[in-house]
Amino acid sequence: MRRYYIAGNWKMHKTIAEASELARRLKDQLAGTRHKVMIAPPFTALATVSQVLEGSNILLGAQNMGQAEQGAHTGEISVLMLKDIGVSVVILGHSERRLIYGETNELINAKVKLALAHGLEVILCVGETLAQREAGQVDQVVVDQVERGLSGVQEIGRITIAYEPVWAIGTGKNASPADADAVHKVIRQTIARRYGQAAADALIIQYGGSVKPENAAGLMAMENVDGALVGGACLTVDSFVPIVEFDRH
Ligand code: PGA
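Please read these numbers as outputs of a predicted model, since none were measured by experiment. (Residues numbered from 1 in each chain as written. Predicted model: local features only at pLDDT ≥ 70, side-chain atom pairs only at ≥ 80, totals over all residues. Heavy atoms only, no water.)

Caption draft 1: Representation of the nonpolar core. Formed by 72 residues in total, the largest nonpolar core has its most connected members in Leu26, Val112, Leu150, Ile187 and Phe240. The dominant element in this core, judged by the number of residues it contributes, is helix H8 (residues 177-195), at 6 residues. Beyond its immediate chain neighbours, meaning those up to four positions away, Leu26 contacts Trp10, Ala31, Ile39, Ile58, Val237, Phe240 and Val241. In terms of nonpolar packing, the next biggest core, distinct from the first, is built from 10 residues, Ile91, Ile123, Cys125 and Ala162 among them. (Core = buried A, V, L, I, M, F, W, Y, C linked by side-chain atoms within 4.5 Å. Buried < 20%, exposed > 50% of the residue type's maximum accessible area, 1.4 Å probe, protein only. Helix = DSSP H or I, 4+ residues; strand = E, 2+ residues; numbered from the N terminus. Contact = heavy atoms within 4.5 Å.)

Okay, structure coming up:
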């Protein structure tokens, strides 16, 4: 049976008390899942959620990370601090980081390498805007983001790629399963060219953008969709658990 990787990106939501409560309930309700699950609370709740998740199969993720190990980087959080708390996965290159905070492929690439050098797993997010889709540039944009995000990365085993079309994030509009699969296939071919077919076959490619309990199974049925990166619907047990357990409902 296929094992999927479902991750929850909590974005800028939840106080420490709320985060702790949600993590406790997820730990409980997902104890029996056979899928790989990660949750990424805001930085302020990581330490508390890390304690809540002790002894659980749910991985702790961060939503971003600074580009240096330490030093004069006001407002940033370092990989060393994340590891210290028990974080094992970091989401990098999310479109909100790219578009609101001006993160470039070069900066994201530096962060990817730093995270890997410290033994973290990375979820590298890529995806086109609506204007790029309408201009017929989807493949070009996504391939460019994958290649530049992974520039100089030798070993791909700890990389997951999340395809998140920007127009589908938080909008209620998801890519159709066929559209998502087509882009995932292009991503897999890009990885095959650089790292060989075996690495490409083993690569987990998540889809992200308005994933909900109602559309999860349809997306996950596609050959090249190996999981999901969930935003809005990961904020409650009632919507996140059925997404993780999409094949039981
Ligand atoms: P959404 O967000 O599920 O709310 O569309 C997905 C994401 O940004 O990772």
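Following the structure, the description resumes.
Caption draft 2: Looking closely at the environment of Thr160. Turning to its location among the elements, Thr160 is positioned in strand E6 (residues 159-163). Judged by its relative accessible area of 5%, Thr160 falls in the buried class. For the pair Thr160 and Ile91, spaced 69 residues apart in sequence, the C-alpha to C-alpha distance is 9.3 Å. Those residues in contact with Thr160 that lie beyond four places of it in its chain are Tyr5, Val122, Ile123, Leu124, Ile204 and Gln206.

Caption draft 3: Representation of the layout of surface pockets within the structure. Approximately 490 Å³ is the volume found for the largest pocket. When residues in the lining of the largest pocket are grouped by element, the largest group, 3 residues, is from helix H4 (residues 95-100). When the residues that make up the lining of the largest pocket are grouped by side-chain class, the tally is 8 nonpolar, 6 polar and 4 charged. (1 Å grid on protein atoms, 1.4 Å probe; cavity = no way out; pocket = protein on both sides within 12 Å on 5 of 7 lines; lining within 4 Å. Points joined across faces, edges and corners; volume = space filled by probe spheres on them. Nonpolar A, V, L, I, M, F, W, Y, C, P; charged D, E, K, R; others polar.)

Caption draft 4: Fine view of the site of the ligand. The environment of the ligand is made up of 13 residues, and the closest members are Lys11, His94, Glu164, Gly170 and Ser210. Measuring from an oxygen atom of the ligand, one finds a backbone N or O atom of Ser210 at 2.7 Å. Gly231 places a main-chain nitrogen or oxygen 2.8 Å from an oxygen atom of the ligand. Within the complex, the protein chains bury 95% of what would otherwise be the 280 Å² of accessible surface of the ligand. Broken down by class, the residue content of the shell around the ligand amounts to 4 nonpolar, 7 polar and 2 charged. (Near = heavy atom within 4 Å. Polar contact = N/O pair within 3.5 Å; in protein donor to acceptor, adjacent residues only side chain to side chain. Areas by Shrake-Rupley, 256 points an atom, 1.4 Å probe, with all protein chains shown as cover.)

Caption draft 5: Seen up close, the pairing of strand E8 (residues 227-230). What you see with E8 is no split at all: Gly227 and Leu229 on one side and Ala228 and Val230 on the other are buried throughout. Of the strand pairs in this sheet, strand E1 (residues 5-9) and E8 are connected by 4 bridges, and their pairing is parallel. Residue pairing in the sheet places Tyr5 in a bridge with Gly227 of E8. Each parallel crossover has a hand, and the one from strand E7 (residues 204-208) via helix H10 (residues 213-220) to E8 is right-handed. (Pairing = 2+ DSSP bridges. Right-handed = clockwise from strand over helix to strand, strands pointing away.)

By themselves, these observations are geometric and do not establish any function.
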